[in-house]
Amino acid sequence: MWFVLLAIITAFVLMFGFLLVSAIFCVWLERKVAGRIQDRLGPTRVGGKFGWLQTLADGMKLLVKEDSIPAAADQMLFRVGPYIALVGAFMGFLALPFGFFAVPVDLNIAVFFMLAAMSTEVFGIILIGYGSGSKWSLFGAMRAAAQMVSYEIPMALCVLVPIVVAGTMNLNQVAIQQLGLWNWYVFHDPFTFGAFWVYFTCATASCKRAPFDLEEAESELVAGFHTEYSGFRWLVIFMAEYGSMVAVSGIANMMFLGGWSTGLPVELATLFGDYAALQFTIGGTIVDLGMGLGNTINVIVFIFKCWFLVFIMMWVRWTLPRLRIDQVMMTCLKYLVPISCVLLMGVSLWQLLLPAWLSDVCRWLIFAGCMLGLAWFIRTLVTFASSKPGEGMPGMWRTTGLAGYQGAQQGP
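Described below are features of the structure shown in this document. Everything quoted here is computed from the prediction, not taken from an experiment.

### So, the nonpolar core
Core analysis: the biggest nonpolar cluster contains 98 residues, and Phe93, Tyr199, Ile251 and Met255 have the highest contact counts within it. Here the element with the most residues in this core is helix H11 (residues 231-256); it accounts for 15 residues. Sequence-distant contacts of Ile251, that is, excluding residues within four places in its chain, are made with Leu96, Val111, Met114, Leu115, Met118, Val159 and Tyr199.

Shown next, in the form of structure tokens:
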């Protein structure tokens, strides 16, 4: 009994600690990405080594900042709303494996549990907007509810696509079947490849990230559903948002990108666990350091993949302009829902009708095409970064000769 209780407490502390560390890291990363993309000198210059002190100073400021409640607000709803949103984001991590069976609760329906648990975040958002006693907050909450509930439909349909291939909803088994870079489900067939991109688009929208962040549109709603919040409660709201970003990235990683797989066709936990030199007996209990070492590498790889997908979300946010609310809803209902239905039907027919050898040929062709595309993209980044002003984007210098131009001048 005490052992089970200790295990539950340990898992809770580790999961909440990971959520807190991920939120701090995402705040730092968001500032750095925005600074690099928009040429902001502040985030790229100040804050100690790599800007860590600036993020910690922001955290300390929010902890000691006055936490006021508007007179027109509902006291109870205003207080409890942020924590309901945070719990919804936190519950998804309970069934998310970080390594070889390194999961707090191993469920056979893990992926659907995560989607269902994370969908409860919308209740917190509605309470935040309704309880604030502000029309701007209420408008933002209604937009958030409509958007999050709508985009969950194509997102769940896209999750079904790799489930049809894997034959299970247990995330541990799904990841084990993807050992080897070429066995990742994103390369399995054209339908799983398309499902990954549709899922990632829907996940970005469900996390209220630009260009889908209409519930926080500063030009329309001041700050959206959290307009009246400040201090620690405002911090909790954004912890929930960054936690949701990591959680949906974890699902994408498990279902399409091999989970904790390094790309090698071996499981590191069992590979290192086979070495007898790394096994010890302490008090009659066998301690397998090899499996622990292999699983530690798995956890590091998994977290790196999740944070990389979060980086892609931030990259998109600071690159694309914000859509209108009608465009956001039309994109979901008119395009993404039908596309996800076609992908689900297509992968089902693919599994039933296509011979195994032809499926393998298609997998290798998709894999080769993606590797060539990745090589071209990396080459383009390197050559563009090393080019002189005016060579990478010649059209940007055509206005330098016009009268009254105040921008950068092309060097001699």
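### Observations concerning unusual backbone geometry
Residue Phe101 is not a glycine yet carries a positive backbone phi of 60°. Tracing the backbone through its elements, the reader meets Phe101 in the loop between helix H4 (75-91) and helix H5 (110-118).

### Examining the environment of Tyr229
Mapped onto the elements, Tyr229 comes out in the loop between helix H10 (218-221) and H11. Excluding anything up to four places from it in sequence, Tyr229 contacts Leu77, Phe78, Pro82, Ile128, Ser132, Trp234 and Ile237.

### Some thoughts on the packing of aromatic side chains
In total, this model carries 24 aromatic pairs according to the counting rule given. Each ring, one from Phe193 and one from Trp197, has its centre 6.2 Å from the other, and the planes form 70°; the classification is edge-to-face. Here Trp197 and Phe193 lie together in helix H9 (residues 190-206), a separation of 4 residues that amounts to about one turn. Exposure remark for Phe193: the relative accessible area of 29% places this residue in the partly exposed category. Relative to Phe256, the ring of Tyr199 has its centre 6.2 Å away and its plane inclined at 40°; by these criteria the two rings are tilted.

### What to know about the packing of H5 against helix H7 (residues 135-166)
For any two helices packed against each other, one specifies the inter-axial angle together with the distance between the axes. Between H5 and H7, the least distance of the axes is 11 Å, while the angle of their chain directions is 170°. Classified by the angle their axes make, H5 and H7 are roughly antiparallel. Of the residues in H7, those touching H5 at Val111, Phe112 and Leu115 are Met155, Ala156, Val159, Leu160 and Ile163. Split by residue class, the contact of H5 with H7 holds 8 nonpolar, no polar and no charged.

### As for the pattern of salt bridges
A complete count under the given rule lists 8 salt bridges for this structure. Note that Arg322 and Asp213 form a salt bridge whose closest N and O atoms lie 3.0 Å from each other. Separated by 109 residues along the polypeptide, Arg322 in the loop between helix H13 (289-317) and helix H14 (325-353) and Asp213 in the loop between H9 and H10 bring together distant segments of the chain. On the basis of relative accessible area, Arg322 is assigned to the partly exposed category, the value being 32%. Here Asp213 falls in the buried class, since its relative accessible area comes to 5%. Between Arg324 and Asp326 there is a salt bridge whose closest N-O contact spans 3.0 Å. By relative accessible area, Arg324 is classed as partly exposed at 47%.

What counts and what doesn't
Residues numbered from 1 in each chain as written. Predicted model: local features only at pLDDT ≥ 70, side-chain atom pairs only at ≥ 80, totals over all residues. Heavy atoms only, no water. Core = buried A, V, L, I, M, F, W, Y, C linked by side-chain atoms within 4.5 Å. Buried < 20%, exposed > 50% of the residue type's maximum accessible area, 1.4 Å probe, protein only. Helix = DSSP H or I, 4+ residues; strand = E, 2+ residues; numbered from the N terminus. Contact = heavy atoms within 4.5 Å. Phe/Tyr/Trp six-rings, centres within 6.5 Å; stacked < 30°, edge-to-face > 60°. Axes fitted to C-alpha atoms, helices over the stretch in contact; angles between N-to-C directions. Parallel < 35°, antiparallel > 145°, perpendicular 65-115°, else oblique. Nonpolar A, V, L, I, M, F, W, Y, C, P; charged D, E, K, R; others polar. Salt bridge = Lys/Arg side-chain N within 4 Å of Asp/Glu carboxyl O.

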